[in-house]
Amino acid sequence: VIMRKIYRKICSLLHLPTAGRQILDDIKQGKNTKGLILFLTAVILIFSGLYGMAIGSYLGGIQILYVLIKLPFFFLATLILSVVSAFVLDAILGFHLHFKQYLTLVLLVLAATSLTLASLASVLYFFILTSSSHDFIILVNVSLFSITGCFGVYAFFTARRFILPQESQKKRLLALIMWFCLYGFIGLQMAWMLKPWVGLLKSGETTPFFRDDIRGNVYVEIYRAYDRLIKGDYY
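Because the structure is a prediction, the values reported are computed rather than measured. (Residues numbered from 1 in each chain as written. Predicted model: local features only at pLDDT ≥ 70, side-chain atom pairs only at ≥ 80, totals over all residues. Heavy atoms only, no water.)

**Q** Pulling in residues and values, what's your account of the pattern of salt bridges?
**A** The tally for this structure, following the rule as stated, stands at 3 salt bridges. Across the pair Arg160 and Asp90 runs a salt bridge whose closest N-O atoms are separated by 3.0 Å. One end of the pair, Arg160, is in helix H7 (residues 134–163); the other, Asp90, is in helix H4 (residues 62–92), with 70 residues separating them in the sequence. Each member of the pair, Arg160 as well as Asp90, is classed as buried. Between Glu167 and Arg160 there is a salt bridge whose closest N-O contact spans 3.1 Å. Residue classification places Glu167 among the buried positions, given a relative accessible area of 9%. (Salt bridge = Lys/Arg side-chain N within 4 Å of Asp/Glu carboxyl O. Helix = DSSP H or I, 4+ residues; strand = E, 2+ residues; numbered from the N terminus. Buried < 20%, exposed > 50% of the residue type's maximum accessible area, 1.4 Å probe, protein only.)

The structure is reproduced here in structure tokens:
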């Protein structure tokens, strides 16, 4: 019975306007905040970890465990670095959410994103099995994260519309853009610092948890991977 309730609650994150209405109502009224934060954090840890295992399967072995640990850490560390700034900017612009409400709302978005990512793990695994190109798998990952990011935008907008029905659509859109620009900007560089993800080893090299060369820019590296793929000079 307990497992069935947990399953239904997890599934409700994918149907916020209907099945997830109770969660949105609890956030709106500030009820069961501690329980919701713990539940949503657990969802992020478990389901982002499942997608992390799929990423690590490109290299296999210990890399599966490494990315299983690193991807949930990536989600939560980026949240910690960005949520206070986003909340303060939200308040300065005249929005009216308490910090616990805002934190729970953001965790809700990340939990829904993690669930969507986990559902795409089989797609990533298929491409890993059928392609030997490191650059191609990087671009597949970027594409899948972009898809889940779009669902995150939908979840944020839907949840905010329910929690603050008096808020104008223009303000709601501004809050959404502000949050995702800040989280995305920090998150992409955080992903760069936590590399390797897909993993590419030189002959005789052991799998590292972190690369030593964390300097650089993730945006430049994504462009270079795309450029190598187009020119046929990929690896």
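**Q** Requested: an account of empty space enclosed by the protein, with residues and values cited.
**A** In this approach a probe as big as a water molecule rolls over the atoms, and the regions it shows empty are the leftover space. A full pass over the atoms with the stated rule returns 1 cavity of 30 Å³ or more. Reported here for the largest cavity is a volume of approximately 40 Å³. What lines the largest cavity is Asp26, Ile27, Gly30, Lys31, Thr33, Leu36, Lys100, Gln101 and Thr104. Per element, the largest residue contribution to the lining of the largest cavity is 3 residues, and it comes from helix H5 (residues 99–119). Counted by class, the lining of the largest cavity contains 2 nonpolar, 4 polar and 3 charged residues. (1 Å grid on protein atoms, 1.4 Å probe; cavity = no way out; pocket = protein on both sides within 12 Å on 5 of 7 lines; lining within 4 Å. Points joined across faces, edges and corners; volume = space filled by probe spheres on them. Nonpolar A, V, L, I, M, F, W, Y, C, P; charged D, E, K, R; others polar.)

**Q** Please give an account of the nonpolar core that cites residues and values.
**A** One finds Leu13, Leu79 and Leu124 to be the most contacted residues of the largest nonpolar core, which totals 60 residues. Elements with a contribution of two residues or more to this core: helix H2 (21–29), helix H3 (33–56), H4, H5, helix H6 (121–130), H7 and helix H8 (169–193). The greatest single-element share of this core, amounting to 12 residues, is contributed by H5. Each residue touching Leu124, except ones within four places of it in the same chain, is listed here: Tyr51, Ala54, Ile55, Ile137, Val140, Asn141 and Leu144. (Core = buried A, V, L, I, M, F, W, Y, C linked by side-chain atoms within 4.5 Å. Contact = heavy atoms within 4.5 Å.)

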